[in-house]
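Coordinate inspection notes
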Amino acid sequence: MAVIPNSEISVATMNKYSSQTATIRASMLGPVVARLDQDCNAADSILANHRLSRSQLSDPYAEISLKCYISVLEDAAITLGDRWLGLHLGQGVRSADLGPLGLFFAAAPTVRIAFERMSRFLRALQSHSIVRLNETREMTIWTYQIEDATIWPRVQDSELTLAGACQLVRSFLGRHWAPLEVHFEHGEPENCSTLGAFFEAPLLFSQPANRLVLSTADLNRTVRNEDRDLSRVLERHIVDLLETREIEIDTLGQVRRLIRLYIGQGRVTINRVARDLAISSRTLQRELARHNTSLRLLLREHRQSMAEARLESDRCHFSDLAQTLGYADATAFGRAFKSWTGETPRAVRNQKNAVRCNSDPPRGDGCESV
């Protein structure tokens, strides 16, 4: 089967499918419910709190809100008293747990082709999320990010997904394989030893997106013979699932997606975005003007949304947040933030922490000064 070029993954595969609400297959909550049933018998109450039922989880094609799924993960971690719930769930991920997409992933002859299949068809499992490979000669970066910055915190989902992806790669390359680096979008926890022991790689936090940095040679190594007939059947089934809800998104939506992808990785310019959309810069400017906006305004909108979400619940330093948002330093970020809100980032965070600490018992999640 043909390998999809990276240039196609960046636009066609990520931008083809969309809907008004970010969703995920309800069956993905199965391992969470099993763990709650096993340890504290709290699954039904947590599901009820989010207006979910077990019957939804038993339907392999049922969908639920992605925001709801992530909230259940965070609530389950608190209820279980397990800060590393996402990591523990990720360690147990098997390709079959991801349904047809997981089986199509596992049938690939190389890790690269497997990840390219995930990039093409992630929408069959989870919408409004970015999955992409960026390659250099020596290393390749696999990126995972949920598009909606207001879905926050999402620590458990990030750690579950990166651990699960690592586990799937190890199913190809052996249990001792390790990435070159692991990047997390959330702030650094108090003790990283549990994460470090699993990934066996340098860990970076408060990054623009969740990423695994892998050896390009590892990705290109052929490790199995592919059953092409089985792969064709699986691909056709996944395409059929997607065709039932395919919607072409407009240029404005595509620009927002590329901003989310590129933020914190160099300058986001009109020429760069236009090139990825395969249109001229002038055409893109006219199209944005037709929506009464511009690339500058869309960048500001995204940065402000990310900053406000992270100031509410993160412990990261302002310099880390500035880098995540693509600013040169904390001073530049502070000036921009004050121009948006009329207040400094520190003042806004102190206000949010004061409200949270007055209403909740101390949990060590940012109520202290950073």
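Our subject is the structure listed above.
Below or above, wherever it landed, is the structure these notes cover. (Residues numbered from 1 in each chain as written. Predicted model: local features only at pLDDT ≥ 70, side-chain atom pairs only at ≥ 80, totals over all residues. Heavy atoms only, no water.)

What follows is about the overall build of the chain. In terms of regular secondary structure, the chain is built from 19 helices and seven strands. Across the 370 residues that make up the chain, the buried fraction comes to 53%. Pairs at least 24 residues apart make up 68% of the contacts formed inside the chain by residues separated by at least 6 positions. Accessible surface for the chain amounts to roughly 17,000 Å². Of this, 49% is attributable to carbon and sulfur atoms. (Helix = DSSP H or I, 4+ residues; strand = E, 2+ residues; numbered from the N terminus. Buried < 20%, exposed > 50% of the residue type's maximum accessible area, 1.4 Å probe, protein only. Contact = heavy atoms within 4.5 Å. Areas by Shrake-Rupley, 256 points an atom, 1.4 Å probe, with all protein chains shown as cover.)

What follows covers the packing of aromatic side chains. Aromatic rings considered in pairs are described by the distance between their centres and by the relative angle of their planes. Counted according to the given criterion, the structure contains 10 aromatic pairs. Ring plane angle 85° and centroid distance 5.8 Å describe the contact between Phe105 and Phe172, whose orientation is recorded as edge-to-face. With a gap of 67 residues between them, Phe105 in helix H7 (residues 99-106) and Phe172 in helix H9 (residues 155-173) connect regions that are remote in the sequence. With 6.0 Å between their ring centres and 70° between their planes, Phe184 and Phe199 make a pair best called edge-to-face. In this pair, Phe184 is assigned in the loop between strand S5 (181-183) and helix H10 (193-199) and Phe199 in helix H10, connecting sequence segments 15 residues apart. Like Phe184, the residue Phe199 is buried in the burial classification. Three or more aromatic residues joined by ring pairs make a cluster, and in this case those are Phe105, Phe115, Trp142 and Phe172. (Phe/Tyr/Trp six-rings, centres within 6.5 Å; stacked < 30°, edge-to-face > 60°.)

Attention now moves to the sheet that holds strand S3 (residues 129-135). If you walk across this open sheet you meet the five strands as S3-S4-S7-S5-S6, and the pairing is mixed. Each of the sheet's edge strands pairs with one partner strand only, and the pair in question is S3 and strand S6 (203-204). In the sheet, S3 pairs with strand S4 (residues 139-146) via seven bridges, with the strands oriented antiparallel. Residue pairing in the sheet places Arg132 in a bridge with Thr143 of S4. (Pairing = 2+ DSSP bridges.)

Turning our eyes to something else, we now look at the pairing of S4. Most of S4 sits out of view: seven of its eight residues are buried. Where S3 folds back on S4, the antiparallel hairpin that results is connected by three residues. As paired strands, S4 and strand S7 (residues 210-215) are joined by six bridges and run antiparallel to one another. When the bridges of S7 are listed, Ile141 appears paired with Val213.

Ranked by internal contacts, the top residues of the largest apolar core, which has 73 residues, are Leu29, Tyr69, Trp142 and Phe199. Ignoring any residue separated from it by four or fewer positions in sequence, one finds Trp142 in contact with Phe115, Met118, Val131, Arg132, Leu133, Thr161, Leu162, Ala165, Asn210, Arg211, Leu212 and Leu214. Judged by nonpolar contacts, the second largest core, of 33 residues, contains Leu258, Phe333, Phe337 and Trp340. (Core = buried A, V, L, I, M, F, W, Y, C linked by side-chain atoms within 4.5 Å.)

None of the figures reported here should be taken as evidence of function without further support.
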